[in-house]
Amino acid sequence: MDEIAGMDLNLVMATVNGSGSQSANLVLTRALFAMGVPVAPKNIFPSNIEGLPTWFFLRANAAGHLAGRREADLLVALNRATFHQDVARILAGGVLVFEQAFGDPQVDPEAHLSTYPVPFGKLAKEAVSDPDLRKYLTNMIYVGVVAEILGLPEKALESALARQFRGKPRALPENRAAIELGRSYFKENLTRSGSLAVHPLDQNKGKLLLEGNQAVALGALMGGCSVFAWYPITPSSSVAEHLTSLSDRLRVDPSTGERRIAIVQAEDELAAAGMVIGAGWAGARSMTATSGPGISLMAEFVGLAYFAEIPSVFVDIQRVGPSTGLPTRTMQGDLQFAYSLSHGDTRHPILLPGSVVEAYTFTQMALDLAERVQTPVFVLSDLDLGMNLWMTDPPPYPEQPFDRGKVLGEEELQGMAKFERYRDLDGDGIAARTLPGTRHPLAAYFTRGSGHDEAARYTESEEAYPRVMDRLRRKLDSAVWRLPQPEESTEEGAEFGIIAYGSSDAAVAEARSALSSLGIRTGYLRIRSLPPGPAIASFLGRHQRVYLVEQNRDGQMLQVLRSELAPGLTGRIQSILHYDGFPLFAADVLEAIRTMEAGRGVRLTSLESDAAVERTR
């Protein structure tokens, strides 16, 4: 039972992009999930269509950690180009499954690896006549081999196959046969050695496997989005794809067959932003999803929406930059850019989901905030959260009605002597708006992106412009309490604090658990939005040293905090920066803390080596 309770295996599948390995890897993922085993899959893939190395990290662990691990307990090596590099990833006592044609893997005898050469190419050639289909089914053969090594039951594999190919039932028999071919070859030609195995657990009841981008799409639907304009860009395109699929089922009038949402693929990101802002001006709940380069093209339109005070939502699934950078790798590199996007004194509400459920709820919240505050709102996710599957609780059904903000209709205008579009009447910085088509002579106003006064009249007055700009700042400051507040978890007697945001949460949570098991207590604050509220200053005031974990090179969150909080507080922060394009792992956080603590003369003796860091679980 102790062995089962401490089960933590990391499977790494090293293949070639475009070979269809993703389906095989997801079958393994869903089979483990069907066994009640918590899983954390991470797909590391190149930006070309096919031919370059790709890796799939699949962690199965009884503790339910959602961050991945870098080293492999079991490696499937099907890429000749990276064969020896991949073998070096295997931990001592691990398992190597490899294409027999690659030859001797030259493993260190002291590593005590269990090696299983399998003629995958030959088996596929003998079993599948179609060369195109053969390439894809080769991967399903290794599913069968891995199933035999780990003891995966037939029922779990069948459940996973059915789920993976539910839209392609005709593909089921041939994929099932490929898995059985792998199982049969192993049983007839190889002898299982070592103790690596996965035991059924009962920890996934009520849980789902969901991508962050799926959750964003569902949040858009449940949040009342009626116009979605977009242009394809990795890693955000699947938001539009999922929203289209959901809308085909859930946003169609049953009596007329009419779809009750407009999803428009624009000619570019600039056009998409214009459509979103035009629809927001007209009263629709509108949004887009893009990534860093798309955000760049949207800058001028975002400035227009900020100054003209038009509700609009921008979901940014971040990837590695600058420029094209690493478009299929993950990072948190757009934070500063999005926070002040445009070319003047602008500042936007930023929501920072740290889980699939928050990707869903924050998208809904963004649509409410955009209308309440009458401004562009940004939701910053990233490729890791957006494109990988995450084990999650079901997203909750919304309990609150939509917040349309200060919208004046004909009835409200009847009792008013005058209506001035940009006049703040109650001190919160937010003026009332009317929507096109409102039947009242006071309703009309001129929307402009140039200088204007409270009555929406053009002016370049040196008195009026500062008044408008000060009100825009004031309305965001007064709305901070509406944003998702930071979440804090502090152990009694904490030796130092940790701050993180977004998808870093899973790795930090695991790192804190490891530190706690070693008697090292910490405080933790997860920032969920910008501008920063008073909780961040309070946390900094209670910890003499704080490690701020970010997935970018320049410490962008730290720079934001330095610009908005007292220097005496932000001077306590040290950055832990991760920007190699891989998802953040707990070992990355632990190693950085060990090194920084050592620099202060504090030795974390249980974390003295990289191997110890990787094995601290």
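Counting restarts for each chain: residues are numbered from 1 in the order of the written sequence. Given that the model is predicted, a residue must reach a pLDDT of at least 70 before its local features are reported, and side-chain atom pairs must reach 80 or more before they are shown or counted; all residues, however, enter totals for whole chains, interfaces and linings. As a rule here, side-chain values come from all non-hydrogen atoms in the structure, and water together with hydrogens is ignored.

1. Topic: the overall build of the chain
What counts as a helix is a DSSP run of H or I of at least four residues, what counts as a strand is a run of E of at least two, and both are numbered from the N terminus. Helices and strands together make up the secondary structure of the chain, namely 23 helices and 20 strands. For 617 residues, the compact-globule estimate of 2.2 N^0.38 gives 25 Å, and the chain sits close to it at 27 Å. With the C-alpha coordinates aligned to their principal axes, the bounding extent of the chain is approximately 90 × 65 × 40 Å. In the chain, which comprises 617 residues, the proportion classed as buried is 57%. What sets the accessible areas is the Shrake-Rupley method with a 1.4 Å probe; for residues, cover comes only from the shown protein chains. Carbon together with sulfur atoms contributes 52% to the accessible area of the chain, which is approximately 25300 Å² in total. Under the counting rule used here, the positive set is Lys and Arg, the negative set is Asp and Glu, and His together with the chain ends is not counted. Charge coordinates come from a single atom per side chain, which is NZ of Lys, CZ of Arg, CG of Asp or CD of Glu. Distance between charge centres in the chain, computed from 60 positive and 73 negative side chains, equals 2 Å. Throughout, the radius of gyration refers to the C-alpha atoms, and the reference size of a globule is 2.2 Å times the residue count to the power 0.38. Residue burial is assigned from relative accessible area. The probe radius is 1.4 Å, only protein chains are included, and a residue is buried under 20% of its type maximum, exposed over 50%, and partly exposed in between.

2. With respect to the pattern of salt bridges
A carboxyl oxygen of Asp or Glu within 4 Å of a side-chain nitrogen of Lys or Arg is what we treat as a salt bridge. Scanning all chains against the criterion turns up 41 salt bridges. Put simply, Arg471 and Glu309 hold a salt bridge, and the shortest N to O gap is 2.5 Å. Taken together, the residues Arg471 in helix H17 (residues 464-478) and Glu309 in the loop between helix H12 (299-308) and strand S11 (312-318) connect sequence positions 162 residues apart. Its relative accessible area of 4% is what places Arg471 among the buried residues. Taking the shortest distance from any N to any O, the salt bridge between Asp477 and Arg347 comes out at 2.5 Å. With a gap of 130 residues between them, Asp477 in helix H17 and Arg347 in the loop between helix H13 (335-339) and strand S12 (350-351) connect regions that are remote in the sequence. Classification of Arg347 by relative accessible area gives buried; the value is 12%. Counted as one network, the salt bridges with shared partners bring together Asp8, Arg59, Arg69, Asp73 and Glu510.

3. Side note on the side chain of Arg251
In this structure, Arg251 sits in the loop between helix H9 (237-250) and strand S9 (262-265). Of the side chains bearing the opposite charge, Asp248 lies closest to the buried Arg251, which forms no salt bridge; the N-O distance is 11 Å. Whether two residues are in contact is decided by their heavy atoms: any pair within 4.5 Å suffices. Beyond its immediate sequence surroundings of up to four residues, Arg251 is in contact with Ala220, Leu221, Gly224, Cys225, Ser226, Leu246, Glu258, Arg259, Arg260 and Ile261.

4. A closer look at the side chain of Asn10
Along the polypeptide, Asn10 turns up in strand S1 (residues 8-16). Judged by its relative accessible area of 0%, Asn10 is buried. Contacts described as polar in this section are N or O atom pairs within 3.5 Å, which, within protein, must combine one atom able to donate a hydrogen with one able to accept it, while residues neighboring in sequence count only if both atoms come from side chains. One polar contact links the side chain of Asn10 to the main-chain carbonyl oxygen of Arg69, over a distance of 2.9 Å. In this structure, Asn10 is in contact with Phe57, Leu58, Arg59, Arg69, Arg70, Glu71, Ala72, Asp73 and Leu74, ignoring residues within four places of it in sequence.

5. Quick look at H9
Taking 1.5 Å of rise per residue, the 14 residues of H9 would be expected to cover 20 Å, and the 20 Å separating its terminal C-alpha atoms lies within 8% of that figure. Where H9 is buried, its residues contact strand S7 (208-211), helix H8 (212-222), strand S8 (227-230), S9, strand S10 (286-290) and S11. To estimate how far a helix should extend, the number of its residues minus one is multiplied by 1.5 Å.

6. Section: the environment of Thr363
The topology assignment puts Thr363 in helix H14 (residues 356-373). Overall, the relative accessible area of 0% leaves Thr363 in the buried class. For the pair Thr363 and Ala220, spaced 143 residues apart in sequence, the C-alpha separation works out to 6.0 Å. Not counting residues up to four positions away in its chain, the partners in contact with Thr363 are Val216, Gly219, Ala220, Met287 and Glu358.

7. Topic: the packing of helix H4 (residues 120-127) against helix H5 (residues 131-150)
A fitted line through C-alpha atoms serves as each axis, taken over the contacting stretch for helices, and the angle formed by two N-to-C directions is quoted from 0 to 180°. Contact geometry of H4 with H5 gives a least axis separation of 9 Å together with a crossing angle of 120°. Here H5 runs oblique to H4, going by the angle between their axes. For the pair H4 and H5, the crossing hand works out as right-handed. Packed against H4, whose contacting residues are Phe120, Leu123, Ala124 and Lys125, the element H5 presents Arg134, Thr138, Ile141, Tyr142 and Val145 at the interface. Under this scheme an angle from 65 to 115 degrees is roughly perpendicular, one under 35 degrees roughly parallel, and one over 145 degrees roughly antiparallel; angles in between are oblique. We call a crossing left-handed when the near helix sits turned anticlockwise from the far one by less than a right angle, and right-handed when that turn is clockwise.

8. Overview of the confidence of the model for the chain
Looking at the chain, pLDDT values average 94 and 97% of them are 70 or higher. Confidence of the prediction at every residue is given by pLDDT, a number between 0 and 100. Throughout residues 608-617 the model reports pLDDT below 50, and contacts reaching past four residues in sequence, or to other chains, amount to 22 contacts.

9. Here we look at the sheet that holds strand S15 (residues 487-490)
Within the open sheet, the five strands sit side by side as S15-S17-S16-S19-S20. Their pairing is mixed. Across the chains shown, the open sheet's two edge strands, defined by having one partner strand only, are S15 and strand S20 (573-577). Taking each pair of neighbouring strands and ignoring which way they run, the sheet shows an average axis angle of 20°. We treat two strands as partners when DSSP finds at least two bridges between them. Note that strand S16 (residues 496-501) and strand S17 (residues 522-527) share six bridges and pair parallel. The residue of S17 that forms the bridge with Tyr501 is Ile527. Contacts from helix H18 (residues 505-517) reach S15, S16, S17 and strand S19 (546-550) within the one sheet, and its direction differs from that of S17 by about 175°.

10. As for the sheet that holds strand S18 (residues 529-530)
Read from one edge of the open sheet, seven strands run S9-S8-S10-S11-S13-S12-S18, paired in mixed fashion. Strands with a single pairing partner mark the edges of an open sheet, and in this sheet they are S9 and S18. In terms of strand pairing, S8 meets S10 through two bridges, oriented parallel. Within the sheet, the bridge partner assigned to Val227 lies in S10 and is Ser286. Strands in contact with H12 are S11 and strand S13 (376-382); relative to S13, the strand with the most contacts, it is inclined by about 135°.

11. Quick look at the environment of Ala63
Examined against the element boundaries, Ala63 turns out to sit in the loop between strand S3 (53-61) and strand S4 (72-77). With relative accessibility at 55%, the residue Ala63 sits in the exposed group. Each C-alpha atom of the pair Ala63 and Leu26 lies 21 Å from the other, and the pair is 37 residues apart in sequence.

12. So, the packing of H8 against H9
Taken N-terminus to C-terminus, the directions of H8 and H9 make an angle of 45°; their axes are 8 Å apart at the nearest point. Overall, the two elements H8 and H9 adopt an arrangement that is oblique. Seen along the crossing, H8 lies across H9 with a hand that is right-handed. Residue-level contacts link Asn213, Gln214, Val216, Ala217, Leu218, Ala220 and Leu221 of H8 to Ser238, Val239, His242, Leu243, Leu246, Ser247 and Leu250 of H9.

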